[in-house]
Amino acid sequence: MKNMSIPNLNIPGIIVKQRFGTGSVTWTNIECNHGGRLIDTAPPAIECLEDVVNLVNGRAEVFVDTGIRSGTDVLKALALGARAVLIGRPVLYGLACGEQDGVRRVLDILKRELVYDMACCGLTSIDQINKDILYKH
């Protein structure tokens, strides 16, 4: 794959590695709202996600690293094209409240919520998740 330049999206907090080389690992990290207290008009990561996925066009895996607090958030991020979500704050809350068992409980809750939400959409597999399940107004 040839090297390419990513145009400036003018979206605060999006970090995209600018060079796509053969066999290299490329990290795309959406952090739009980590500074939300300072930039209160910045769009939430979930609103930018589909644009980022379209921009990298399969040349990189997109992981969402902000705003994941429920199984529904996981479902929405996957439906918009994220390959995975990173769960920080909920896991830290679980760790603070219950150590290893607290973390396990948080992950179990997120999994149960995701499975429930998928069932409500008629889905039985992660592979079936796509943007057709989302309501757009």
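Residues numbered from 1 in each chain as written. Predicted model: local features only at pLDDT ≥ 70, side-chain atom pairs only at ≥ 80, totals over all residues. Heavy atoms only, no water.

Short version of the rule: UniProt positions are given in the numbering used here, feature names are shortened, and annotations may be inferred rather than shown by experiment.
Naming follows an unreviewed UniProt entry, where the protein chain appears as FMN hydroxy acid dehydrogenase domain-containing protein of Rotaria sordida. As its UniProt record puts it under Cofactor (unreviewed entry), the protein chain is described as follows: "FMN".

### Quick look at the overall build of the protein chain
Quick reminder of the rule: Helix and strand definitions follow DSSP, with helices as H or I runs of at least four residues and strands as E runs of at least two, each counted in order from the N terminus. Burial classes follow relative accessibility: with a 1.4 Å probe on protein chains only, a residue under 20% of its type's maximum area counts as buried, one over 50% as exposed, and anything between as partly exposed. Contacts: residue pairs with any heavy atoms within 4.5 Å of one another. Only the protein chains shown count as cover for residues, and the accessible areas themselves come from Shrake-Rupley with a 1.4 Å probe.
Helix and strand counts for the protein chain come out as 3 helices and 4 strands. In the protein chain, buried positions account for 33% of the 137 residues. For the protein chain, restricting intrachain contacts to residue pairs at least 6 apart in sequence, the fraction spanning at least 24 positions comes to 43%. Here the protein chain has roughly 9,000 Å² of accessible surface; of this, 53% comes from carbon and sulfur atoms.

### Notes on the pattern of salt bridges
Where we set the bar: A pairing counts as a salt bridge when a side-chain nitrogen of Lys or Arg comes within 4 Å of a carboxyl oxygen of Asp or Glu.
For the structure on display, the rule yields 4 salt bridges. A salt bridge links glutamate 50 to lysine 131; the shortest N-O distance between them is 3.0 Å. With glutamate 50 in helix α1 (residues 45–56) and lysine 131 in the segment after α3 (89–120), the pair connects residues that are 81 residues apart, well separated along the chain.

### Overview of α3
Our working rule: Multiplying 1.5 Å by the residue count of a helix minus one yields the expected span of that helix. Bend is computed residue by residue as the angle between axes fitted to the seven residues ending at the residue and the seven residues starting at it.
Its 32 residues give α3 an end-to-end C-alpha distance of only 26 Å, which falls more than 12% under 46 Å, the value for a rise of 1.5 Å per residue. Glycine 98 marks the point of greatest bend in α3, at about 140 degrees. Among all positions of α3, only Pro90, Val91, Gly94, Gly102, Val103, Val106, Leu110, Leu114, Asp117 and Met118 are buried. Residues of α3 that are buried in the fold lie against α2 (71–79). Of the residues flanking the end of α3, it is glycine 122, one or two places downstream, whose phi is positive at about 80 degrees.

### Describing α2
With 7 of 9 residues buried, α2 lies mostly within the body of the structure. For α2, the complete set of buried residues consists of Gly71, Asp73, Val74, Leu75, Ala77, Leu78 and Ala79. Residues of α2 that are buried sit in contact with α1, β3 (61–64), β4 (84–85) and α3. Positive backbone phi, approximately 110 degrees, marks glycine 81, located one or two places after α2.

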